[in-house]
Amino acid sequence: EAPAPRLNDLRIQRVAEVLRESGARSVLDLGCGSGRLIQALLKDRQFDRIVGIDASLRDLEAAGVRLKLERMSERVRDRVKLLHGALTYRDARLKGFDAAALVEVIEHVDLPMLDSLAAAVFGEAHPQTIVVTTPNKEYNARYEALAEDALRHHDHRFEWSRAEFEAWAAGVAARHGYAVRFEGVGDADPELGAPTQMGIFTCN
């Protein structure tokens, strides 16, 4: 039988679906890493403007290679752009988009800087739809290789339970004029929830 899809693939697929359902035509991939979400979005003609932004020049280079930017037709290349920048600063280049995605990004940001990120993305850029995914810390108990209280990745600054994420998201939504709903990605455990949690913010 076919191998079970990897969590990262499920996540990318679900985020792309939510963005498609939102009706967005222009999308920001914030903390785009090596460009996996951009690759998925480019396959869908609905998205005619896709901008990836990352603080790591090495990741942006990897994204360029993954997307084969050099070899793209001009028509496709006109739809996509990669930018270098930090998400904790207000950035005029991020304004005017229908939607934004932060896929497994917030847990790499120092907790005291999250307010700055929220102000820059939800406040200043203020797209109609924002999709945020982050690990569900409760599910870590199902990973046998993880020591108790260990984080899933050495670069994570924190990982949140569902209650913690939902409290943060509700606060950000209230401050910046959004409604938020939640869903899980990946096989959900009846007690611990799904491995990935997702918040879908829509402008009030």
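Please refer to the structure placed before this passage.
By convention here, each chain's residues receive numbers from 1 onward along its written sequence. Side-chain atom pairs in this predicted model are given and counted only at pLDDT of 80 or more, local residue features only at pLDDT of at least 70, and totals for whole chains, interfaces and linings cover all residues. Excluded from the side-chain calculation are hydrogens and water; included are all heavy atoms of the structure.

**Points about helix 1 (residues 7-21)**
Stated precisely, the cut-off is as follows: Helix numbers and strand numbers start at the N terminus; a helix is a DSSP run of H or I with at least 4 residues, a strand a run of E with at least 2. Expected span, for any helix, means 1.5 Å times one less than how many residues it has. Here's how the labels work: a residue is buried when its accessible area is under 20% of the maximum for its type, exposed when over 50%, partly exposed in between, all with a 1.4 Å probe on protein chains only. We call two residues contacting when some pair of their heavy atoms lies within 4.5 Å.
When the terminal C-alpha atoms of helix 1 are compared, their 21 Å separation across 15 residues agrees well with the 21 Å that a helix rising 1.5 Å per residue should span. Along helix 1, the positions that sit buried rather than exposed are Arg11, Ile12, Arg14, Val15, Ala16, Val18 and Leu19. On its buried side, helix 1 packs onto strand 1 (26-30), helix 2 (36-42), strand 4 (99-103), strand 5 (129-135), strand 6 (178-185) and strand 7 (196-203). Positive backbone phi, at 85°, marks glycine 23, one or two positions downstream of helix 1.

**Here's the deal with the packing of aromatic side chains**
Condition: To pair, rings of Phe, Tyr and Trp, with the six-membered ring standing in for Trp, must have centres within 6.5 Å; the planes then decide the type, stacked if under 30 degrees apart, edge-to-face if over 60, and tilted in the middle. Put simply, a charge is over a ring when the Lys NZ or the Arg CZ is close to the ring centre, within 6 Å, and near the line of the ring normal, within 35 degrees.
In total, this model carries 10 aromatic pairs according to the counting rule given. Between phenylalanine 122 and tyrosine 178, the ring centres sit 5.5 Å apart and the planes meet at 85°, which makes this aromatic pair edge-to-face. On the criterion of sequence distance, the pair formed by phenylalanine 122 in helix 5 (residues 114-125) and tyrosine 178 in strand 6 is long-range, its members being 56 residues apart. The pair formed by phenylalanine 122 and tyrosine 178 is uniform in burial state, with each residue classed as buried. Centre to centre, the rings of tryptophan 160 and tryptophan 168 are 5.6 Å apart; their planes meet at 40°, and the pair counts as tilted. Take tryptophan 160 and tryptophan 168: they sit in the same class, and that class is buried. In this structure an aromatic cluster arises from ring pairing among Phe122, Phe158, Trp160, Phe165, Trp168, Tyr178, Phe182 and Phe201. Between the NZ or CZ atom of arginine 49 and the centre of the ring of phenylalanine 97, over which it lies, the distance is 4.0 Å.

**Side note on the pairing of strand 7**
Two faces, one strand: in a regular strand the side chains alternate between the faces of the sheet. Let me state the cut-off plainly: At least two DSSP bridges between two strands are required for those strands to pair.
In terms of burial, strand 7 is largely enclosed, as seven of its eight residues are buried. Bridge count for strand 5 against strand 7 is seven bridges, and the pairing is antiparallel. Of the residues in strand 7, the one forming a bridge with valine 131 is isoleucine 200.

**Comments concerning unusual backbone geometry**
Phi is positive for lysine 68, which is not a glycine, with a value near 55°. On the secondary structure map, lysine 68 appears in the loop between helix 3 (57-66) and helix 4 (74-77). Despite not being glycine, histidine 126 shows a phi value in the positive range, around 50°.

**Digging into the nonpolar core**
For clarity, the threshold we go by: For this analysis, a nonpolar core means a set of buried residues of the types Ala, Val, Leu, Ile, Met, Phe, Trp, Tyr and Cys, connected via side-chain atoms within 4.5 Å.
Judged by nonpolar contacts, the single largest core of 31 residues is most densely connected at Leu30, Leu102, Ile106, Phe122 and Ile130. Those elements that provide at least two residues to this core are strand 1, strand 2 (49-54), strand 4, helix 5, strand 5, helix 6 (162-176) and strand 7. Per-element tally for this core: the top contributor is helix 5, with six residues. Residue contacts for leucine 102: discarding those within four places in its chain leaves Leu30, Leu87, Leu117, Val121, Ile130, Val131, Val132 and Thr133. Membership of the second largest hydrophobic core comes to 26 residues, among which are Ala16, Leu60, Val80 and Val185.

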